[in-house]
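Chain by chain, the residues:
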Amino acid sequence: MVPEERGPRELTEHERGEVLRTYMPQGRITAVPVRRPDRLVLLDQVARAFEPGVRYTGAEVNAVLCRFSADLVVLRRSLVDEGFMEQDRTHYWRCGGTVDL
């Protein structure tokens with residue numbers, strides 16, 4: 001009998017807090033985590049700065065992202081690549097991540 005394959009487990013709130021304290025100690029990204037689960041926590045935190053359903057120009061996205069990091073290109077690309085944002089030729093919009101209710 002072969003054990004069923006499982007995806008990565010969800011991080012606990014405590015673990016999420018540890019990741020944010022490590023990589024965003026004062027609200028700005030100091031390093032990008034190598035481990036994908038940690039990187040997703042970081043990107044989720046950044047994605048929360050965007051309202052779901054709102055379309056943003058590239059300049060508006062950059063204005064938000066500069067609060068988190070000077071490397072806007074890598075951060076914007078990571079948000080798109082990991083499914084937190086989508087884009088067309090002129091706009092970006094949030095399509096993933098957690099939402100505070």
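The structure under discussion appears in the preceding block.
In short, a report on the structure. (Residues numbered from 1 in each chain as written. Predicted model: local features only at pLDDT ≥ 70, side-chain atom pairs only at ≥ 80, totals over all residues. Heavy atoms only, no water.)

### Overview of the overall build of the protein chain
Part 1: In terms of helices and strands, the protein chain carries 4 helices and 3 strands.
Part 2: The order of helices and strands in the protein chain, counted from the N terminus, is α-α-β-α-α-β-β.
Part 3: For the C-alpha atoms alone, the extent of the protein chain along its principal axes is close to 55 × 30 × 30 Å.
Part 4: Residues counted as buried form 34% of the 101 residues belonging to the protein chain.
Part 5: Taking the contacts inside the protein chain whose residues are at least 6 apart along the sequence as the reference set, 51% of them involve residues at least 24 apart.
Part 6: Looking at the protein chain as shown, the accessible area adds up to about 7,000 Å², and 53% of this sits on carbon and sulfur atoms. (Helix = DSSP H or I, 4+ residues; strand = E, 2+ residues; numbered from the N terminus. Buried < 20%, exposed > 50% of the residue type's maximum accessible area, 1.4 Å probe, protein only. Contact = heavy atoms within 4.5 Å. Areas by Shrake-Rupley, 256 points an atom, 1.4 Å probe, with all protein chains shown as cover.)

### Quick look at the packing of aromatic side chains
Part 1: This structure, assessed with the given rule, holds 1 aromatic pair.
Part 2: Consider the rings of Phe-50 and Tyr-56, whose centres lie 5.1 Å apart with planes at 80 degrees: the pair is edge-to-face. Neither Phe-50 nor Tyr-56 differs from the other in exposure class; each is buried. (Phe/Tyr/Trp six-rings, centres within 6.5 Å; stacked < 30°, edge-to-face > 60°.)

### Some details on the sheet that holds strand 2 (residues 85-87)
Part 1: One open sheet holds the 3 strands; their spatial order is 1-3-2, and the pairing between them is antiparallel. At either end of the open sheet lies a strand with only one pairing partner, and these are strand 1 (55-56) and strand 2.
Part 2: The sheet contact formed by strand 2 and strand 3 (residues 92-94) spans 3 bridges and is antiparallel. From the neighbouring strand, Met-85 faces strand 3, where its bridge partner is Arg-94. (Pairing = 2+ DSSP bridges.)

### Observations regarding the environment of Asp-71
Part 1: Relative to the helices and strands, Asp-71 is located in the loop between helix 3 (58-65) and helix 4 (72-81).
Part 2: Given the relative accessible area of 41%, Asp-71 is considered partly exposed.
Part 3: Asp-71 sits 42 residues away from Ile-29 along the chain, and the two C-alpha atoms are 9.6 Å apart.

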